[in-house]
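Survey of secondary and tertiary structure
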Amino acid sequence: MDIQVLGVPRVTENGVPIKAPTPEAGHLLAALAVSPDRVVPEAVLADELAHRASSHYHHAVLHTAVRRLRERLAEALGAGSVRTPETVLSARPGGYVLDTGGGRSDVRQFEREAGAGYRAMSRGDFEQAARRLRRALALWTGPALEGIDAGPWLRSRVAVLDADRCSVLEQWVEAELALGRRRELRLELAGLRGAGGERAGGAFLAGVRRAEERVDAPRCARPLLGTPVACGA
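Here the structure is a predicted model, which is why all the values come from computation and not from measurement. (Residues numbered from 1 in each chain as written. Predicted model: local features only at pLDDT ≥ 70, side-chain atom pairs only at ≥ 80, totals over all residues. Heavy atoms only, no water.)

Some words on the pairing of strand β5 (residues 89-92)
Residues in a regular strand point their side chains to alternate faces of the sheet. Relative to strand β6 (residues 95-98), β5 runs antiparallel, the two sharing four bridges. What sits directly across from Leu89, in β6, is Leu98. Where β5 folds back on β6, the antiparallel hairpin that results is connected by two residues, among which Gly94 adopts a positive phi of roughly 90°. (Pairing = 2+ DSSP bridges. Helix = DSSP H or I, 4+ residues; strand = E, 2+ residues; numbered from the N terminus.)

This is the structure in structure tokens:
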């Protein structure tokens, strides 16, 4: 299973996109996909779906969404698969887990690239840091979970991802400036700003604009290396 949530959510099994049959099933899939291979408590999932039904019925809505999503998983898995809908969307004590079977998750890939970039920065390897941090940024195609009407738990997860993205942007700008690649950085930032899909008032675009202002500032007026871009400030 391959999972993308750093933009419009997309989940595929055996290369087949999993199309949620109902908004509730789509919401459930998004909530599980943002934390793959980890148990998400049933109470959290039920609360995420609470705005779609009376508080007396949201657990029933959740169970129906699980059933409908498993039906779609069965279609994607096919008759000969060793994986079953019940093992892919697995009930665990207290919650549910989306088992990727060792597949790709863009969130996990982002975390790996960002971590490698931060470690390179800490040892002064700005070339390696710039490369790995830029790879982390390239995984994003828009706001996390774009198009999902998030409840309180998903909103908090999106906020964490957004903050991590801004931190990566700041460190990448630091690395590029340390390498003296001001002209190249200006072009890359313009590409990030013009890529489309970002919220006009979002923190990431605000961070990009601040980075552009920093790069364009006269050299004597530029902040010292290590001054943050202040994403979203």
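Here's the deal with the packing of helix α1 (residues 23-33) against helix α3 (residues 58-77)
Two elements in contact, α1 and α3, have axes separated by 8 Å at closest approach and are oriented at 85°. In terms of axis orientation, α1 runs roughly perpendicular to α3. Across the interface between the two elements, Glu24, Ala25, Leu28 and Leu29 of α1 pack against Val61, Leu62, Ala65, Val66 and Leu69 of α3. Here the contact of α1 with α3 is composed, by residue class, of eight nonpolar, no polar and one charged. (Axes fitted to C-alpha atoms, helices over the stretch in contact; angles between N-to-C directions. Parallel < 35°, antiparallel > 145°, perpendicular 65-115°, else oblique. Contact = heavy atoms within 4.5 Å. Nonpolar A, V, L, I, M, F, W, Y, C, P; charged D, E, K, R; others polar.)

Focus on the nonpolar core
Of all hydrophobic cores here, the largest spans 62 residues; its most connected members are Leu28, Leu169, Trp172 and Leu189. Among the elements that take part in this core, helix α7 (residues 152-178) stands out by supplying nine residues, more than any other. (Core = buried A, V, L, I, M, F, W, Y, C linked by side-chain atoms within 4.5 Å. Buried < 20%, exposed > 50% of the residue type's maximum accessible area, 1.4 Å probe, protein only.)

Some remarks on helix α8 (residues 182-193)
Spanning twelve residues, α8 covers 16 Å between terminal C-alpha atoms, matching the ideal 16 Å at 1.5 Å per step. Of all the residues in α8, the buried ones are Leu185, Leu189 and Leu192. With its buried residues spanning 55° around the axis, α8 presents them on a single face. The exposed set on the far side of α8, more than 90 degrees from its buried face, consists of Arg183 and Leu187. Among the structural elements, α6 (126-138), α7 and α9 (203-216) are those in contact with the buried residues of α8. (Expected span 1.5 Å × (residues − 1). Arc of directions from axis to C-beta.)

A look at the packing of aromatic side chains
How two aromatic rings sit relative to each other is given by the distance of their centres and the angle of their planes. For the structure shown, the criterion picks out one aromatic pair. Geometrically, the ring pair formed by Phe110 and Trp140 is edge-to-face, given 5.7 Å between the ring centres and 80° between the ring planes. A residue pair is termed long-range when its members are at least 10 positions apart, and Phe110 in helix α5 (residues 106-122) and Trp140 in the loop between α6 and α7 qualify at 30 residues. With a relative accessible area of 2%, Phe110 lands in the buried category. (Phe/Tyr/Trp six-rings, centres within 6.5 Å; stacked < 30°, edge-to-face > 60°.)

Section: unusual backbone geometry
In the Ramachandran plot, Asp37 falls in the positive-phi region, its phi being about 65° despite a non-glycine side chain. Within the secondary structure, Asp37 is located in the loop between α1 and β4 (40-41). Positive phi values are uncommon outside glycine, yet Leu145 reaches one of about 55°. Examined against the element boundaries, Leu145 turns out to sit in the loop between α6 and α7.

Quick notes on α3
With 20 residues, α3 should cover 28 Å at 1.5 Å per step; its first-to-last C-alpha distance of 28 Å lies within 8% of that length. Within α3, burial applies to His58, Val61, Leu62, Ala65, Val66, Leu69, Arg70, Leu73, Ala76 and Leu77. Two residues or fewer past α3, Gly78 is found with a positive phi of approximately 80°.

Structural notes on the sheet that holds β4
Strand order across the open sheet formed by three strands is β4-β6-β5, with antiparallel pairing between neighbours. Looking at the sheet topology across the chains shown, the edges are occupied by β4 and β5. Here α1 sits on the sheet in contact with β4, β5 and β6, set at roughly 75° to β6.

Focus: the sheet that holds strand β3 (residues 16-17)
On the basis of which strands lie adjacent, the open sheet formed by three strands has the order β1-β2-β3 and antiparallel pairing. The strands lining the two open edges of the sheet, one partner per strand, are β1 (2-4) and β3. Where β1 lies against strand β2 (residues 10-13), three bridges are found, and the strand directions are antiparallel. Following the sheet pairing, Asp2 is matched in β2 by Thr12.

Limitation: the analysis is restricted to geometry and does not speak to function.
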